[in-house]
Amino acid sequence: MEYLIRNAHTILTMDDDSRELSSIDIRIADGVIAEIGPDLSSGAEVIEASRAVVTPGLVNTHHHLYQTLTRAVPGGQDALLFGWLQTLYPIWSRFGPDEMRVSAMVGLAELALSGCTMSSDHLYLYPNGARLEDTIDGAREVGLRFHPTRGAMSIGESDGGLPPDGLVERESAILEDCIRVIDAFHDPSEGSMLRVGVAPCSPFSVSRELIWDAAVLARDKGVMMHTHLAENDEDIAYSQAQFGCRPGQYAEELGWVGDDVWHAHCVKLDGAEIELFAHTRTGVAHCPCSNCRL
């Protein structure tokens, strides 16, 4: 399938020179920009853009699409992170496949309307038969490029964790399902519309062993790794009390640094942790709205 974006008022290239082009055409073939220039000819579907600014699609590097359905729930909106989670865990525990799919579709449709063409997603709870592919089905229907991550929680309240016991999984089952979804859905090819990552939820909801095993599995499969880190003061205090170190050091000890890793939030990294991430080319997903609140 070919498209011709014709006579764009301005094209923001985002190339190394940050060029801005005017009155230029873009020819797209099989989902790839094939040619940029004036007065291009093509038998493709034509999109008139003389009054439009054309930009690269935005990329959303961290999302919990399942939370779309509960973002206006009263009672937890003014709480700190841990209190907010504890308010919503009982509601999320009643979700199932339909809720996961619909929430993904709504969230991705909103992103598409904002100019986003690719989104990651961090799904770390699977109540009532929900599976990662529920969100994948939603993404296919909306049409966005999608990078879901198979998240997980394994330490419930009875073992000193934050989530209720009914929302955690056995660690062996988590690793088995990571293998299943990677083998079934991950497409590493150039221009892929779907790739899958491995994403234990956070240091306060999974064991040290699972974080290590997840890193070994992800690197064996050649997929990306994602988790939450250094999200607020509570997060730092938990790490120091439970592990005797700061979150960045904990991540380094367990193999969670490198250019195949990106951490969400990282609001409270200190100077040494920032230097560590820079040196190892470890990624950070900045989340301005929630980070300002935290």
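The present account deals with the structure reproduced in this document. Everything numeric here is computed off the predicted structure, so don't read it as measured data.

At a minimum axis separation of 11 Å, helix H4 (residues 171-185) and helix H5 (residues 208-221) run at an interaxial angle of 20 degrees. As summarised for this structure, H4 and H5 are arranged roughly parallel, according to the angle between their axes. Our pair here, H4 against H5, has a crossing hand that is right-handed. Of H5, the residues touching H4 (which contributes Glu 171, Ile 174, Leu 175, Cys 178, Ile 179, Ile 182 and Asp 183) are Glu 209, Leu 210, Asp 213, Ala 214, Leu 217 and Lys 221. Residue classes in the contact of H4 with H5 are distributed as eight nonpolar, no polar and five charged.

Attention shifts here to the sheet that holds strand E6 (residues 45-48). The four strands lie next to each other as E5-E4-E1-E6, forming an open sheet whose pairing is mixed. Two strands close off the open sheet at either side, each with one partner strand: strand E5 (32-37) and E6. Each adjacent strand pair in this sheet contributes to an overall mean axis angle of 20 degrees, direction not counted. Alignment of strand E1 (residues 2-8) against strand E4 (residues 24-29), held across five bridges, turns out to be antiparallel.

Another point: the nonpolar core. Tyr 66, Leu 85, Trp 92, Tyr 124, Leu 125, Val 198 and Trp 256 are the most contacted members of the largest nonpolar core, which totals 65 residues. If one sorts the elements of this core by residue count, helix H1 (residues 81-92) sits on top with seven residues. Excluding its chain neighbours within four sequence positions, the residues that come into contact with Val 198 are Arg 150, Cys 178, Ile 182, Ala 214, Leu 217, Ala 218, Val 223, Met 224, Met 225, His 226 and Trp 256. Of all hydrophobic cores here, the second largest spans nine residues; its members include Ile 5, Ile 11, Leu 21 and Ala 49.

This paragraph deals with the packing of aromatic side chains. Under the counting rule described, the total for this entry stands at eight aromatic pairs. Judged by centre distance (5.7 Å) and plane angle (90 degrees), the rings of Tyr 66 and Tyr 124 are edge-to-face. Taken as a pair, Tyr 66 in the loop between strand E8 (58-60) and H1 and Tyr 124 in the loop between strand E9 (116-123) and helix H3 (132-142) lie far apart in primary sequence, 58 residues in all. On the accessibility criterion, Tyr 66 (1% relative accessible area) is buried. Assessed through its relative accessible area of 2%, Tyr 124 is described here as buried. On the basis of an interplanar angle of 55 degrees and a centroid distance of 4.8 Å, the ring pair of Phe 82 and Phe 204 is categorised as tilted. Note that Phe 82 is positioned in helix H1 and Phe 204 in the loop between strand E11 (197-200) and H5, a separation of 122 residues in sequence.

Before going further, it helps to examine the pattern of salt bridges. In this structure the tally under the stated criterion is 17 salt bridges. Salt-bridge contacts for Arg 6 lead to Glu 48; the nearest nitrogen and oxygen are separated by 2.1 Å. Pair noted here: Arg 6 is in strand E1 and Glu 48 is in strand E6, with a separation of 42 residues, a long-range link. Residue classification places Arg 6 among the partly exposed positions, given a relative accessible area of 33%. A salt bridge links Asp 270 to Arg 246, with the shortest nitrogen-to-oxygen separation between them at 3.0 Å.

A few words now on the environment of Thr 68. Mapped onto the elements, Thr 68 comes out in the loop between E8 and H1. Given a relative accessible area of 11%, Thr 68 falls into the buried group. The spacing of Thr 68 and Arg 195 is 127 residues in sequence and 22 Å in space, taken between C-alpha atoms. Not counting the four nearest positions on each side in its chain, Thr 68 is found in contact with Ser 103, Val 106, Gly 107 and Glu 110. Here the side chain of Thr 68 touches Leu 65 through a polar contact of 2.8 Å, landing on its backbone oxygen.

Rules used throughout
- In this convention, every chain numbers its residues from 1, walking through the sequence in written order.
- Whole-chain, interface and lining totals are the exception, using all residues; otherwise, since this is a predicted model, local features are given only for residues with pLDDT of at least 70 and side-chain atom pairs are given and counted only at 80 or more.
- The basis for the side-chain values is all heavy atoms of the structure; hydrogens and waters are excluded.
- Every angle, taken between N-to-C directions, lies between 0 and 180 degrees, and every axis is a line fitted to C-alpha atoms, over only the stretch in contact when it is a helix.
- Elements are defined by DSSP. Helices are runs of H or I of four residues or more, strands are runs of E of two residues or more, and each kind is numbered from the N terminus.
- Angles are sorted into four bins: roughly parallel if under 35 degrees, roughly antiparallel if over 145, roughly perpendicular if 65 to 115, and oblique for all others.
- A crossing counts as left-handed when the near helix is turned anticlockwise from the far one by less than a right angle, and as right-handed when that turn is clockwise.
- Pairs of residues are marked as contacts when any of their non-hydrogen atoms sit within 4.5 Å.
- Think of it as three bins: nonpolar holds Ala, Val, Leu, Ile, Met, Phe, Trp, Tyr, Cys and Pro, charged holds Asp, Glu, Lys and Arg, and polar takes everything else, Gly as well.
- Pairing between strands is defined by DSSP: at least two bridges between them are needed.
- Nonpolar core, defined: a set of buried Ala, Val, Leu, Ile, Met, Phe, Trp, Tyr and Cys residues in which side-chain atoms within 4.5 Å join the residues together.
- Think of it in three bands: with a 1.4 Å probe and only protein chains considered, a residue is buried below 20% of the maximum accessible area for its type, exposed above 50%, and partly exposed in between.
- Any two rings among Phe, Tyr and Trp, with Trp reduced to its six-membered ring, count as a pair given centres within 6.5 Å; such a pair is stacked if its planes are under 30 degrees apart, edge-to-face if over 60, and tilted if neither.
- Definition used for salt bridges: Asp or Glu carboxyl oxygen within 4 Å of a side-chain nitrogen of Lys or Arg.
- The term polar contact refers here to a pair of N or O atoms within 3.5 Å; inside protein, the definition further demands a hydrogen-donor-capable atom paired with an acceptor-capable atom, and it admits residues adjacent in sequence only when both atoms are side-chain atoms.

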